[in-house]
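# Descriptive structure summary
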Amino acid sequence: MGKYQRRDKIARLISWGHWFTFANIVLCLFIGLLYIEAAPKSSTAIGNLYMLVSWIGHFAFLPFIFFIILIFPFCLVVPYSKILRGFAALIASFGLIALIADALFFRQYGYHLNTYSMAQMTRDAEAVFTGASFVIISGVLLGFLLTVGIQLLLANLAWKRLEYLQQRRIGAPVTVIFLLCFFVSHSIHVWADAVLYDPITQQDDMFPLSYPTTAKTLMAKHGVIDVESYQARQQMLMATDKIKLKYPQQPLLCSKTDFQQSTTLILFERSSSEIQKELETLAAKHQLERPQLKLLAHPNRDGGLFQVLYGLPDFYQESIERQQLKPAYLKPLNDFNFDVRWYHSENWGSSLSLSQFHPDWQSQQLTEFTSHPQNQINVILIAEEDISTLNKVLQQTGDQQLLLTALSPAQSEELLGNKQFALENMQVPLWQRHYQLADQPIAGLMDLVPTMLEDRISCAGSHKNYTNGESLQTPKRSWPLVETYSPFIVIYDQKEITILDNSGQFSVYSSGDFELKKQAEPPVPVLIDALKELKRFSETENKE
C-alpha cells in the first residue's frame, strides 16, 4: 500500500470513527435522560439550564474520550476497516451496557458504580439469578447480543454512507454545540461553587464519571477568592437554623402488640471507671448481661441525651429545641395507655433536664419511682454520685426488660481534636436483662429507643418514621455506622473512620490504631448514603 493511499485510508477511518462516535453520543444522550428523571428537580431556571447543557456536554464528552483512547490509535496502527468496525462495535457495546447498568443502579441507590458499590451490585445480581428461570438468563444474554448487533449495524452504516454523511456538512456545527455545552456547563459550575449556589452544586454527582471544575481550588489558586471567607460562607450554608424539620416523616399509624412486659432504660451521665466497677459487681447479682457489641456514646452529655430520647442525630437538636417538640413516639404510646415515666436522681444536673426540649416535659425524683410489671416504660437518669441508688432500682425492676448504659464515654471532655472519636474512646458498656439482642458489630445511642419499642408498638413504615436508629433485637445493622457529634459527622466503617467537619474538610483514620491515612478519601457511595440518612427528617430551605 502506497504512502498516500495509506494516508487516505487512515483519514477515511478517522472520519468514520467520528460518525460512529456521534451515533453513540445520541444513544448516550437518551440513556442520560434516566439520570435526569431520577435526580431531584431543580427549582430555578439557571439550575435547569445548567442541567441541560451539562447533560449535552457530558454525554457528548464520554463517547468522544473513549474514541480518542480506544479507537483512534487503532485507526493508525490497524488500518483495516472490517477489523476496526468489529472491534469498535464490541467496545461500544460494553460501554453502553456499563452505562445502562450504572443508570439503573443510580436510580435504585442514588450513586454510581465503582469498586465499592460493585459489592452491592453483586448481591443484587445473586438475588436476581438465584433460582432464576431459563427465560431470565436468556433475556440477559439476548440483551447483550442485541446491543452488539445494534453497534455492528451503526458501524457498517457509518462506513457505507460515509461520503453521504460528509456531504451533509453537519459535523462542524454539531461539534461546536457539544464543545460549547461542555465548556459552558463547567463555567457555570465554577460560578455556582464560588457563590455556593445549591441548585447547581447539588447536581455534582448526577452523571457518571463527572468531575466538574470547582471554585475552591481553582479560584483560590489564582487569588480570586479567600479560602477562609469561602469556608465561613459554607458554614453559614450548613447552619442548623436553615433546617425545615419534617418530624415524624409521616403521621405515625401504629398498632399495639400483645407484648406487655414493662421495660426500663437507665442512663448515667458518664461511663467512669468507678461506675464500671460497680456495675461489674451488680451484674451477677441482678442478672445483667453485657452483649458483644461496640456501643458508641456522645462526647457531650447533652447531645447524648438528645440522641437517646429522640433517636435522631444531634444535627436536629437546635431545631427540636426551637420548635419545642416532644419525641413523636410518645403519642402512640399514650394512645395505647402505656405508662411512660421519667426519673432523675438527686444530683442529676439541671442542665440536662427534659424541659430544654419542651417546657411541659418534666422528670420526677428517683425517690418517687414505683415499678409495675406490665405496660410501663421508665427512663431513669442517674448521676455518678447517686450510684448507690442503682441497687434498689435493679431490685424493683427485676421482672422487667432493662437496658443500662451512659450518655458519654469516660474522660471524653479531656480528649482534644479528632482523637476523641476513636472507637476505644467513644465506646461505653451496655448492660441488658430479658432482651434477645442480635449479634451486632456496632451500635449508637439512637438505637436504644427503637430497641425498647419494637416489641410494644408496630408502626406503618416501621420505626424509620420517627428515628434514625435501628432495633438491636433485629440483625440488620452492619458497617458503616454514621453518627453526628455536632459540628462533626463521623462515619465508622470496619476498616476506616471518616471525620467530616462543617467546612467540608475530612480526615480518614484506620479503625484499629486510629492512624491518619494521608491522601485517603471516603468512598463516595458511603458518603452519599450517610448524608441522605442523616437529613432524612429535614427539608433544607434554599435561598435563591
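Everything numeric here is computed off the predicted structure, so don't read it as measured data.

### A closer look at the sheet that holds strand β4 (residues 294-296)
Spatial ordering of the open sheet is given by β9-β4-β11, a layout of 3 strands whose pairing is mixed. Looking at the sheet topology across the chains shown, the edges are occupied by β9 (427-428) and β11 (442-444).

### Side note on the nonpolar core
Ranked by size, the top nonpolar core spans 68 residues in total, and within it Y247, I266, F268, L309, Y310, L390 and Y466 carry the most contacts. Beyond its immediate chain neighbours, meaning those up to four positions away, L309 contacts P327, Y329, W342, L354, F357, W361, V379 and V449.

### Regarding the state of the cysteines
Here, disulfide denotes a covalent bond that connects the sulfur atoms of two cysteines. Overall, the coordinates contain 1 disulfide when judged by the stated rule. What pairs with C254 in a disulfide is C459, and their sulfur atoms sit 1.9 Å apart. Note on the C254 and C459 pair: the S-S dihedral is about 100°, so by sign convention the disulfide is right-handed. Linking C254 in strand β2 (residues 254-256) with C459 in strand β12 (residues 457-459), this pair joins segments that are 205 residues apart in sequence. Of the two residues, C254 and C459, neither departs from the other in class, the shared state being buried.

### Some words on a nonpolar patch on the surface
Residues V26, F30 and L33 make up a contiguous nonpolar surface patch of about 270 Å² in total accessible area. By secondary structure assignment, the location of L33 is in helix α1 (residues 3-38). Relative accessible area serves as the criterion here: at 39%, L33 is assigned to the partly exposed category.

### Remarks on the side chain of N465
Following the sequence through the fold, N465 ends up in the loop between β12 and β13 (481-485). Owing to a relative accessible area of 8%, N465 belongs among the buried residues under this scheme. What N465 contacts, discounting residues up to four positions off in sequence, is P248, Q249, Q250, L252, A460 and F537.

The rules behind these values
Residues numbered from 1 in each chain as written. Predicted model: local features only at pLDDT ≥ 70, side-chain atom pairs only at ≥ 80, totals over all residues. Heavy atoms only, no water. Pairing = 2+ DSSP bridges. Helix = DSSP H or I, 4+ residues; strand = E, 2+ residues; numbered from the N terminus. Core = buried A, V, L, I, M, F, W, Y, C linked by side-chain atoms within 4.5 Å. Buried < 20%, exposed > 50% of the residue type's maximum accessible area, 1.4 Å probe, protein only. Contact = heavy atoms within 4.5 Å. Disulfide = S-S within 2.5 Å. Patch = residues over 30% accessible without salt bridge, like charges linked within 9 Å, V, L, I, M, F, W, Y side chains within 5 Å. Areas by Shrake-Rupley, 256 points an atom, 1.4 Å probe, with all protein chains shown as cover. Salt bridge = Lys/Arg side-chain N within 4 Å of Asp/Glu carboxyl O.

That's the geometry; what it means functionally is another story.
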